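So the chains spell out like this:
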Amino acid sequence: MLHYALRQTLNQRWENICLEEEVLDIRVDIRRYIDIVFRWWWIILFGPIIVAAAVYFYSVGQTPQYQAATLVQVQQTQGSVSPTLGDVSLSRTLASTYRQVIRTRPVLQAVIDELDLSISTGELYELIKVRLVAETSLISISGIDQSAQQAAGRKTWRWPGPK
């Protein structure tokens, strides 16, 4: 019994010593981190300032890009007030066809002539993006340009449709 009581007392003292060492280790770790912060304060202070200045000067040197976008809904009905499943399917097929037609040379040339643009059809082809909105009869058309007026002009041109 005495042996058991002695062992229990020693275990408690050992646990107290271990806890005190852990507290000391934590204090030493915190002190080490504080020393690192004081030693390298100039990097901590000037690093973000230098990065922000570099990003600012990089962005000032870039040519601004303007984008205009629009959605076009293609809807074909066979004379009824509410569209049928066939009408919806036909509208999706037409939207897919119109997507291809919009990027053809004659349509692009008509846009250039209508808006009095000073670019080639090849350049206009590269500046516009035409895509179908998934599972709909919508076409998304967007144009990018360095001129806000020309980017907006691409959006306001009205395609007369197939002839």
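Residues numbered from 1 in each chain as written. Predicted model: local features only at pLDDT ≥ 70, side-chain atom pairs only at ≥ 80, totals over all residues. Heavy atoms only, no water.

1. Here's the deal with the confidence of the model for the protein
Inference 1: Looking at the protein as a whole, its pLDDT mean stands at 77, while 70% of the residues score no less than 70.
Inference 2: The secondary structure element of the protein with the lowest average pLDDT is helix H6 (residues 148–156), at 58, and the one with the highest is helix H2 (residues 41–61), at 91. (pLDDT = per-residue confidence, 0-100. Helix = DSSP H or I, 4+ residues; strand = E, 2+ residues; numbered from the N terminus.)

2. Quick notes on the pairing of strand S2 (residues 128–132)
Inference 1: Alignment of S2 against strand S3 (residues 138–145), held across five bridges, turns out to be antiparallel. Residue pairing across strands places Ile-128 opposite Gly-143, the latter belonging to S3.
Inference 2: Counted between consecutive antiparallel strands, the loop separating S2 from S3 contains five residues, among which Glu-135 sits at a positive phi close to 60 degrees. (Pairing = 2+ DSSP bridges.)

3. Some remarks on the pattern of salt bridges
Inference 1: Scanning all chains against the criterion turns up one salt bridge.
Inference 2: A salt bridge links Arg-92 to Glu-135, with the shortest nitrogen-to-oxygen separation between them at 3.9 Å. Of this pair, Arg-92 sits in helix H3 (residues 85–102) while Glu-135 is found in the loop between S2 and S3, placing the two residues 43 residues apart along the sequence.
Inference 3: According to the relative accessible area criterion, Arg-92 is partly exposed, its value standing at 36%.
Inference 4: On the accessibility criterion, Glu-135 (66% relative accessible area) is exposed. (Salt bridge = Lys/Arg side-chain N within 4 Å of Asp/Glu carboxyl O. Buried < 20%, exposed > 50% of the residue type's maximum accessible area, 1.4 Å probe, protein only.)

4. A word on the side chain of Ser-137
Inference 1: By secondary structure assignment, the location of Ser-137 is in the loop between S2 and S3.
Inference 2: Within the structure, the side chain of Ser-137 is placed 2.9 Å from the backbone oxygen of Val-74, a separation counted as a polar contact.
Inference 3: Excluding its chain neighbours within four sequence positions, the residues that come into contact with Ser-137 are Val-72, Gln-73, Val-74, Ser-91, Arg-92 and Ala-95. (Polar contact = N/O pair within 3.5 Å; in protein donor to acceptor, adjacent residues only side chain to side chain. Contact = heavy atoms within 4.5 Å.)

5. Looking at the packing of aromatic side chains
Inference 1: Counting across every chain of the model gives three aromatic pairs.
Inference 2: Measuring from centroid to centroid gives 6.4 Å for Trp-41 and Phe-46, while their planes differ by 50 degrees, and the two rings are tilted.
Inference 3: Ring centres 5.2 Å apart and planes at 70 degrees place the aromatic pair Tyr-56 and Phe-57 in the edge-to-face group.
Inference 4: On the basis of relative accessibility, which here comes to 49%, the residue Tyr-56 falls in the partly exposed class.
Inference 5: It is Arg-103 that lies over the ring of Tyr-125; its NZ or CZ is 3.8 Å from the centre. (Phe/Tyr/Trp six-rings, centres within 6.5 Å; stacked < 30°, edge-to-face > 60°. Lys NZ or Arg CZ within 6 Å of the ring centre and 35° of its normal.)

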